[in-house]
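# Remarks on the overall topology
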Amino acid sequence: MAGPRDPAERCSCRNTDCVERPLRRLFEGLASGVAACPWPFVLVPLLLSGGLGAGFLFLPQLQANDIEGQFTPTWGPAKAERDFVRRHFPPDDSERFSAPRLPTEGAYAALIAVATGGTSVLEPAPWAEVLRLNATVHDAEYERLCARTPEGCASPNPLLSRQGGAGSSGPGRLRFPVNDSVFLGTALGGVETDGGWVRTARALKLVYYLREDGPEAQDSRQWLESFLRDISSRVAELRLGSIQVTYFTSLSRQREFEGNTKSVIPLFSVTYFLTITFAVISCLRLSCIRNNIWLAICGVLSSGLAVLSSFGLMLFCGVPFVVTVANAPFLILGVGVDDMFIMVASWEQSSRKKDKSSVKSLLAETYAEAALSVTITTLTDVLAFFIGTWTAFPSVRSFCLYTGTAFVFCYVYTMTFFGAVLVLNHKREQGNRHWLTCMRVDGGKDQDESSCLYNACCIGSCSRQPSEPEGEHPMSIFFKKYYGPFVTNKWIKLLMVLLYGAYLGGSIYGCTQIREGIDLRNLANDDSYVIPYYDDDEKYFSTYGPRVMVVITESVDYWNESVRLDIESCVQNLENISYVDRNLSESWLRVYTELAKVHSININNKTVFLNMLTILFKTVPTFEWDINKTQDEIEASRFFIQTVNVTSAVDEKNLLNQLREAAKQCSIPLQVYHPAFIYYDQYLVIVQNTVQNVVVAAGAMLVVSLLLIPNPLCCLWVTFAIASVIVGVAGFMTFWSVNLDSISMINLVICIGFSVDFSAHISYAFVTSGESSANKKAIEALSLLGYPVLQGAVSTILGVVVLAAANTYIFRTFFKIMFLVIFFGALHGLVFIPVFLTFFGNFGRSPNTRSKKLDLEKL
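Residues numbered from 1 in each chain as written. Predicted model: local features only at pLDDT ≥ 70, side-chain atom pairs only at ≥ 80, totals over all residues. Heavy atoms only, no water.

## A closer look at the overall build of the protein chain
When you go through the protein chain residue by residue, the secondary structure sums to 29 helices and 13 strands. Going through the 859 residues of the protein chain one by one, you find that 58% of them count as buried. Excluding contacts between residues fewer than 6 apart, the proportion of contacts in the protein chain whose partners are at least 24 apart in sequence is 79%. Here the protein chain displays about 34,900 Å² of accessible surface, and carbon together with sulfur accounts for 58% of that area. (Helix = DSSP H or I, 4+ residues; strand = E, 2+ residues; numbered from the N terminus. Buried < 20%, exposed > 50% of the residue type's maximum accessible area, 1.4 Å probe, protein only. Contact = heavy atoms within 4.5 Å. Areas by Shrake-Rupley, 256 points an atom, 1.4 Å probe, with all protein chains shown as cover.)

This is the structure in structure tokens:
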């Protein structure tokens, strides 16, 4: 290789050689070993995959589909708040049950009865059917297991106590939302009032709480399972005509979520069929000797072995297997086939250069030209996934570990297993053996008399001579003669600039409209029974949101009037939030203060304050459960505020932030808590985690690009493509009804790796081109890389396209974002970057880079 002619080129070459030359030598040495003895490189991956595949025996124990554990932040504040509430206000569902005071959602079965025909559920006919429905559920076993208050089983709806029997015409005249000191906001839905009196109510909710602590816990779970199994038939037997019933239990969300993985298993076979078909068609040749069908099949098999090995290894290591991991095989299959295309294309190009008699030299040149490209793409993708493990969401962490490890195995098997298959296939070709039967087709003594049909089937042409290696691929010719000149036309370039402006403007607008957080209904199948329940709950019961605990977390001097005023000020600040109805707050301290005035009790004295609390407890017994009192102090206490109009993810995020900010500013140590805050916590970290992972991964991609593609202009375009594709994916996923949650966050990290895949090689081929003009440089880059980029995009999309037919949000979201990633990545690689590069004129090339131009070919 000639030395550089000036200092700048000398520096460039030295930077290139320090990484690239050792890699080339390493790959050439590996190729020599594979070519000399291919069978061990075939058998060892097969045996290794079989051994590691035994790790699937641990799959049942490692399936971790706990929704809270996988889809909420590991160190979410609400989890610590829940622990505090549990310690200081332990529930007692056997004697003094109160649903708003539970630290968790509890164990329950819920029914929503909606009156048909636009009538009111409080009218005689619908009300009678509600009573019949309640009698069906409230059986003897429920009576034994129900959560209890001093009066007996906790009522599923406070209005049921107002009915006088099965023949009752209704619950009577009601005020709303509070009737006789009873809050009805979560009991009646779709309410229309007249002067505070209920005129009509479209829906009624029945919630049957069971004991979840003590020896009855397992029996309660069995009762809920029986409820889910039998409720549909029970409702059908009632022949209800005036109400429609939807149902849900505390087990439903988890059970439906766990069923998601099973629903996608049949799609694996469809994916492998599509991918094999595409690979076979792409590798199909007219010559039955030089047909590469077996290469295509083994390329797909190599990806399958990578999945088996990586998943087995992770299971052996005890990494939890979550439902999001079920997306990984679809992605790995597409990427693995892409690597196969790189190897096959490089092999064929090496074969066309000159007639080499040695398979070692052929494979060495193939590895030297293709392996660096495969290394770059694998390294960027693996880095993106392993950086993705730095997240607060365990589901994302598990997915990235499984998928990143699978990419490593995919790379290793491509360099070993598939390389050995290339050698064996070459030996078959050298022996003029048929691709299917491996029988020699040109040595028979009667060949001269063979028919044209025989020769076409066995040799590839009517000629009796064996077919010669094929020339340039038709698609490469298309990109060189038609597409390249078309896209570099000055008017087309202007059109492309306008198109990019529209793309960027739409993307930025979409980013401003992005929605955060995962909707819990999306964790169930589309045809699940929980979806109608969620719909009814949102339609009729969304006016009143969570009833939030306001907890004073430390011992304070409640008998000090200034302290009481500070507490009152804090509570009022919370009540001033737009999401809080101040008229529905519940404060034991306010009631106690009023009682002290009525009974002339001096609550400014500590002893009197503590001793006279019994008066408060006699007046409102439930307040005893809100005060954690020792002999001479109150360690903690709590109040309740009622939220309203929390109807969207934005409302949930704003509510949580405003409540916590108000509590933080209070001079009294306060915390706010509701079980739903466990899931609301995702809003606090999802954007931060996503930006952190994207920025760190993008930085890592640039370092890799700089080391392996040491050209400043190329790195500039890599940076541009990463930013542009990420903005496009984030913006357009809003238009496709995809939220920014832990599932879509996975794909945005993937986005970075694929952005590099499609952009680095086109731009590097451009800057290393020896053509005289910018347009010709772009045309040459497209002729070399256009078809491989298109192949890679199509193969990856085929790997995930079947997920579009899944009836689960998780898998459809994976398809949607992967489609956007691949589509926008290919759009940049094939359209925007070639056009933009032509605006920068001619770039000189180092004399030693021309020979390396094909290193990055065909990604």
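That covers the picture; the talk isn't over yet.
## A few points about the sheet that holds strand β8 (residues 243–249)
On the basis of which strands lie adjacent, the open sheet formed by four strands has the order β6-β7-β1-β8 and antiparallel pairing. Each of the sheet's edge strands pairs with one partner strand only, and the pair in question is β6 (188–194) and β8. Neighbour-to-neighbour, the strand axes of the sheet open up by a mean angle of 25°, direction not taken into account. Contacting β1 (107–115), β7 (197–210) and β8, helix α6 (residues 124–137) runs over the sheet at an angle of about 5° to β7. Across the sheet, helix α8 (residues 217–238) lies against β1, β7 and β8, angled at about 160° from β8, the strand it touches most. (Pairing = 2+ DSSP bridges. Axes fitted to C-alpha atoms, helices over the stretch in contact; angles between N-to-C directions.)

## Some points on the state of the cysteines
Per the counting criterion, the structure on display carries two disulfides. Across a sulfur-sulfur distance of 1.8 Å, C146 and C153 are joined as a disulfide pair. Of note, the bridge from C146 to C153 carries an S-S torsion of about -75° and is left-handed in sense. By the burial criterion, C146 is buried, and C153 matches it. Put simply, C570 and C666 are joined by a disulfide, and their sulfur atoms are 1.6 Å apart. Looking down the S-S bond of the C570 and C666 bridge, the torsion is 80°, so its handedness is right-handed. Placement of C570 in helix α19 (residues 561–575) and of C666 in the loop between α23 (649–665) and β13 (670–673) is noted, with a sequence separation of 96 residues between them. Of the two residues, C570 and C666, both sit in the buried class. (Disulfide = S-S within 2.5 Å.)

## Some remarks on helix α10 (residues 260–283)
For α10, built from 24 residues, the straight-helix expectation of 34 Å at 1.5 Å per residue is met to within 8% by its first-to-last C-alpha distance of 35 Å. Of all bends in α10, the biggest is about 30°, found at P266. Along α10, the residues classified as buried are N260, T261, V264, L267, T271, T275, F278, A279, V280, S282 and C283. (Expected span 1.5 Å × (residues − 1). Bend = angle between axes of the 7 residues up to and from the residue.)

## Thoughts on the confidence of the model for the protein chain
In the predicted model, the protein chain carries a mean pLDDT of 84, and the fraction of residues at 70 or more is 89%. Scored below 50 in pLDDT, residues 1–16 makes 17 contacts in the model with residues more than four places away or belonging to other chains. Scored below 50 in pLDDT, residues 843–859 makes 74 contacts in the model with residues more than four places away or belonging to other chains. (pLDDT = per-residue confidence, 0-100.)

## Description of the packing of aromatic side chains
If you walk through the whole model with that rule in mind, you get 52 aromatic pairs. Look at F248 and Y533: their rings are 5.1 Å apart centre to centre, the planes differ by 15°, and that puts the pair in the stacked class. Placement of F248 in strand β8 and of Y533 in helix α18 (residues 530–540) is noted, with a sequence separation of 285 residues between them. Residue F248 is classed as buried on the basis of its relative accessible area of 2%. Between the aromatic rings of W736 and F819, the centroid separation amounts to 6.1 Å while the plane-to-plane angle is 80°, which identifies the pairing as edge-to-face. Of this pair, W736 sits in the loop between α26 (712–735) and α27 (742–767) while F819 sits in helix α29 (residues 809–838); the two residues are 83 residues apart in sequence, bridging distant segments of the chain. Of the residues examined, F819 reaches a relative accessible area of 26% and is grouped as partly exposed. Just above the ring of Y679 sits the side chain of R253; from NZ or CZ to the centre is 6.0 Å. (Phe/Tyr/Trp six-rings, centres within 6.5 Å; stacked < 30°, edge-to-face > 60°. Lys NZ or Arg CZ within 6 Å of the ring centre and 35° of its normal.)

## Quick look at helix α20 (residues 588–599)
Counted at 1.5 Å a residue, the expected span for α20 with its 12 residues is 16 Å, and the 16 Å between its end C-alpha atoms agrees. Along α20, the residues classified as buried are W588, L589, Y592, L595 and A596. Along the long axis of α20, the arc covered by the buried residues comes to 120°, so they all point the same way. Residues of α20 that are exposed and point over 90 degrees away from its buried face: K597 and V598. Packing partners of the buried residues in α20 comprise α19, β10 (580–586), α21 (606–611), α22 (613–619), β11 (627–629) and β12 (634–644). A positive phi of about 55° marks S600, the residue just after α20. (Arc of directions from axis to C-beta.)

## Re the pairing of strand β9 (residues 544–552)
Taking burial as the measure, the nine residues of β9 include nine buried ones, the bulk of the element. Note: β9 against β12, seven bridges, orientation antiparallel. Across the sheet, the residue bridging to V550 is F639, located in β12. Here β9 runs beside β13; their pairing, made up of four bridges, is antiparallel. Bridged to M549 within β13 is Y673.

## Here's the deal with the pattern of salt bridges
Applying the stated criterion across every chain, the model contains 23 salt bridges. Between R144 and E141 there is a salt bridge; the shortest N-O distance is 2.7 Å. Taken together, the residues span about one helical turn, with R144 and E141 both in helix α7 (residues 140–145) at a distance of three residues. In this structure E141 comes out as partly exposed when scored by relative accessible area, which is 34%. Of the charged contacts in the structure, one is a salt bridge between D219 and R144, with a shortest N-O distance of 3.3 Å. Of this pair, D219 sits in helix α8 while R144 sits in helix α7; the two residues are 75 residues apart in sequence, bridging distant segments of the chain. Judged by its relative accessible area of 26%, D219 falls in the partly exposed class. A single salt-bridge network, built from bridges that share partners, covers R101, R547, E586, D626 and R638. (Salt bridge = Lys/Arg side-chain N within 4 Å of Asp/Glu carboxyl O.)

## Observations regarding the environment of R87
Checked against the element boundaries, R87 lands in helix α5 (residues 77–88). Linking R87 and P103, residues 16 residues apart in sequence, is a C-alpha distance of 9.9 Å.

## Topic: the nonpolar core
With 221 residues, the main nonpolar core has Y558, I567, W588, F609 and L659 as its most contacted residues. It is α29 that provides the largest number of residues to this core, a total of 20 residues. If sequence neighbours within four positions are ignored, W588 has contacts with Y558, F609, L613, L616, F623, D626, I627, I634, S637, R638 and F639. Counting residues in hydrophobic clusters, the runner-up holds 52 residues, among them I289, F341, M415 and V423. (Core = buried A, V, L, I, M, F, W, Y, C linked by side-chain atoms within 4.5 Å.)

## Quick look at the packing of helix α11 (residues 293–316) against helix α14 (residues 394–430)
Between α11 and α14, whose axes approach to 7 Å, the crossing angle comes to 145°. The chirality of how α11 crosses α14 is right-handed. Within the contact of α11 with α14, the residues separate by chemical class into 19 nonpolar, eight polar and no charged. (Left-handed = near helix turned anticlockwise from the far one by under 90°. Nonpolar A, V, L, I, M, F, W, Y, C, P; charged D, E, K, R; others polar.)

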